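Letter by letter, the chains look like this.
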Amino acid sequence: MPCDVPHVLLVNPWIHGFAAYDFWARPLGLLAIAARLRAGGLRVSWVDCLDRFHPRLPPGLPRKADGRGAFLRTGLPTPPALADVTRRYARYGIDPAWLAEDLGRLPRPDLVLVGSGMTYGYPGVRETIRHLRAAFPGVPVWLGGIYATLCPDHARRFAGADRVFSGPAETELCRAIAEQTGFSFPGGPPPDHLDAAPWPAYDLERRIPAVALRASRGCPFACAYCASRLLEPARRLRSPASVVTEIAHWHRGFGVTDFVLYDDAFLARPEGHGPAVLEAIAAAGLPVRLHTPNALHARGITRETARLLGRAGFVTVRLGVETTDFARRAGLDRKIDAEDFRRAAEALRAAGYRPPAAGAYLLAGLPGWREEEIVRSIDAVHAAGLLPVLAWYSPIPGTALWPQALAASRYDLASDPLYADPAIVPCRKEPFDWGWITRLKAHLAA
Ligand code: B12
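**Section: the overall build of the protein**
- Along its length, the protein carries 14 helices and 16 strands.
- Taken over the C-alpha atoms alone, the protein extends approximately 65 × 55 × 40 Å along its principal axes.
- Considering the protein as a whole, with its 446 residues, one finds that 56% of them fall into the buried category.
- Intrachain contacts of the protein at a sequence separation of at least 6 include 74% that bridge at least 24 residues.
- Accessible area for the protein stands at about 18,500 Å²; split by element, carbon and sulfur atoms hold 55% of it.

The structure is reproduced here in structure tokens:
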């Protein structure tokens, strides 16, 4: 490899927070960028602070055969802004000393790229960047990803990066790398050519517990609580053949058996796309399991699609229901109505899906929502034969619900992304009743 080829190090940062578990949380965005740079001829290295298979990890970290598992958890002092929270704060991911060792074994990079996840996890991003600077003084560190996109000003002030990119920044990033390094390289297809983009570089990982992929980008809906439009403004579809070829590649070449769909609205408009993808996966007949931790669009579940889900190998199926109080949805979303929910639940049951494999997400902690309303939704989901799964609301700047979230919170939400942590139920006024969460959990289990 000639030495004038730039060496780019990509780093998946730690998560800091009150709770984190690997529910198939794969660094899809950063690995997609790694693949693009590698295809462009750059030297690429990869370090994952969330590595659940690091050789220095003590044995016994809980793992499931389907790709999920616990991160190493190390207690940290609670940030002063969250001093009132009685839960324990932690770093999730590998020990900083192991990171330092791993970085010490790498040749000095010309550039470091750091990804970011949930906005409220940013202290983990900041700590990661601090360690990268100590290991490679003078090397530029650039930041992108979800936190960088949703809170760009905050990221510029607090993350400690030299440059912050927002949104699907593939094209801008490749141009900036060429400018920074003086190395001109093909930046790959434009982001809307989904079939032509190189597959995320999961092969850079020590072990691939599961592969996350997308059959589409963007969302046709504009729900008041969701940031999808801010992160991915355009809806674009991938061909069924491309999805199947990627699954076969990871299965046959790397022995991956578990696959996760990260689509925002799989089975949503255009109606034919999702079923065509399912048909193609089923026709390939690969012995793989698929999971949808990010939910399926319930309106797209008919008796036929439910059967197809089973034939394609979908094991864990979640519907995005949010609330079964359908009159409550005005101003929030127009995704589904009572009839859609009834039909989807009935179709899943007819196809043989049962809890806990078949579940429905319900939002909890939205501004103004009362405990008894959530309890009613839990009961309705149980009655429909599905597992209710609570998704606690995380307020996001730039979404339609943000002004109401600001008004409903006991914190100054706008002052710090830490307050977007769903684990602290930020959109409730004081005195906050922690028993609320305990009671809902007990009701879920009942
Ligand atoms: C898949 C997904 C999940 C997965 C896990 C994802 C993960 N890896 O952690 C699952 C289902 C487990 C999940 C769980 C949750 N999620 Co979620 N999730 C998503 C979803 C749908 C897609 C994220 C994704 O991977 N996108 C695909 C990749 C390709 O995009 P990307 O990472 O942004 O990368 C692109 C760019 O950002 C850029 N990029 C990335 N890195 C870098 C680096 C550099 C240097 C550069 C230049 C560019 C760059 O390039 C990439 C290609 O364009 C988003 C919504 C959305 N549409 O984005 C919500 C979203 C991120 N989730 C959200 C929430 C609320 C949650 C939960 C809290 C839900 C709950 N209450 O339980 C949990 C918390 C999980 C946790 N870790 O603690 C919120 C974010 C909240 C916040 N405050 O940040 C979002 C935005 C949805 C929403 N409500 O609007 N989630």
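**What to know about the pattern of salt bridges**
- On inspection of all chains with the given rule, the structure shows 28 salt bridges.
- Between Glu205 and Arg26 there is a salt bridge, with the nearest N and O atoms lying 2.8 Å from each other. You can see Glu205 sitting in the loop between α6 (170–181) and β9 (211–213) and its partner Arg26 sitting in the loop between β2 (15–17) and α1 (28–39), a full 179 residues away along the chain. An identical accessibility class is assigned to Glu205 and Arg26; each is buried.
- Residue Glu232 is joined to Arg217 by a salt bridge in which the shortest nitrogen-to-oxygen separation is 2.9 Å. Residue Glu232 is found in the loop between α7 (228–231) and β11 (236–237), and its partner Arg217 is found in strand β10 (residues 216–217); the two are separated by 15 residues along the sequence. Here Glu232 matches Arg217 in class, with each residue buried.
- One salt-bridge network, in which partners are shared between bridges, spans Glu170, Arg214, Arg217, Glu232 and Arg236.

**Observations concerning the side chain of Glu127**
- With respect to the secondary-structure elements, Glu127 resides in helix α3 (residues 122–135).
- Within the structure, Glu127 has its side chain in polar contact with the side chain of His16 (distance 2.8 Å).
- In contact with Glu127, other than residues within four places in its own chain, are Trp14, His16, Arg91 and Pro96.

**Side note on the sheet that holds strand β6 (residues 111–114)**
- Here 5 strands make up an open sheet; going across it, the order is β3-β1-β6-β7-β8 and the pairing parallel. Looking along the sheet, the strands with just one partner apiece sit at the ends: β3 (43–48) and β8 (163–164).
- Of the strand pairs in this sheet, strand β1 (residues 7–12) and β3 are connected by 6 bridges, and their pairing is parallel. By the bridge assignment, Val11 is partnered in β3 with Val47.
- Seen against the sheet, α1 touches β1, β3 and β6 and runs at an angle of roughly 170° to β1.

**Let's talk about the site of the ligand**
- In the vicinity of the ligand there are 38 residues, among which Thr119, Ala227, Asp264, Trp392 and Ser394 approach most closely.
- One of the side-chain N or O atoms of Thr119 is found 2.8 Å from a nitrogen atom in the ligand.
- In the environment of the ligand, a nitrogen atom lies 2.8 Å from a nitrogen or oxygen atom belonging to the backbone of Trp392.
- Counting residues per element, the ones that place at least two in the shell around the ligand are α1, β6, β7 (141–143), α6, α7 and β16 (387–392).

**Here's the deal with unusual backbone geometry**
- The residue after Arg269, namely Pro270, is reached through a cis peptide bond having omega -10°.
- Structurally, the position occupied by Pro270 is in the loop between β12 (258–261) and α9 (273–284).
- The phi dihedral of Val425 is positive, around 40°, even though this residue is not glycine.
- Relative to the assigned elements, Val425 resides in the loop between α13 (402–408) and α14 (435–445).
- A relative accessible area of 1% places Val425 in the buried class.

The rules behind the values
Residue indices begin from 1 for each chain and proceed along its sequence in written order. Local features in this predicted model are restricted to residues of pLDDT 70 or higher, and side-chain atom pairs are both shown and tallied only at a pLDDT of 80 or more, whereas totals for entire chains, interfaces and linings draw on every residue. Neither water nor hydrogens contribute to the side-chain values; these are computed over all heavy atoms in the structure. A run of H or I in DSSP counts as a helix once it spans at least four residues, and a run of E counts as a strand once it spans at least two, with each numbered from the N terminus. Note on classification: 1.4 Å probe, protein chains only; a residue is buried when its accessible area is under 20% of the maximum for its type, exposed when over 50%, partly exposed between these limits. Residue contacts follow a heavy-atom distance rule, with two residues in contact if any of their heavy atoms lie within 4.5 Å. Each accessible area is a Shrake-Rupley result for a 1.4 Å probe, and residues are judged covered by the shown protein chains and nothing else. Here, a salt bridge means any side-chain nitrogen of Lys or Arg that lies within 4 Å of a carboxyl oxygen of Asp or Glu. Contacts described as polar in this section are N or O atom pairs within 3.5 Å, which, within protein, must combine one atom able to donate a hydrogen with one able to accept it, while residues neighboring in sequence count only if both atoms come from side chains. Any two strands between which DSSP finds at least two bridges are classified as paired. All axes are obtained by fitting lines to C-alpha atoms, using only the stretch in contact for helices, and the reported angles, taken between N-to-C directions, cover 0 to 180 degrees. Proximity criterion: a residue is near a molecule or strand once any of its heavy atoms comes within 4 Å of it.

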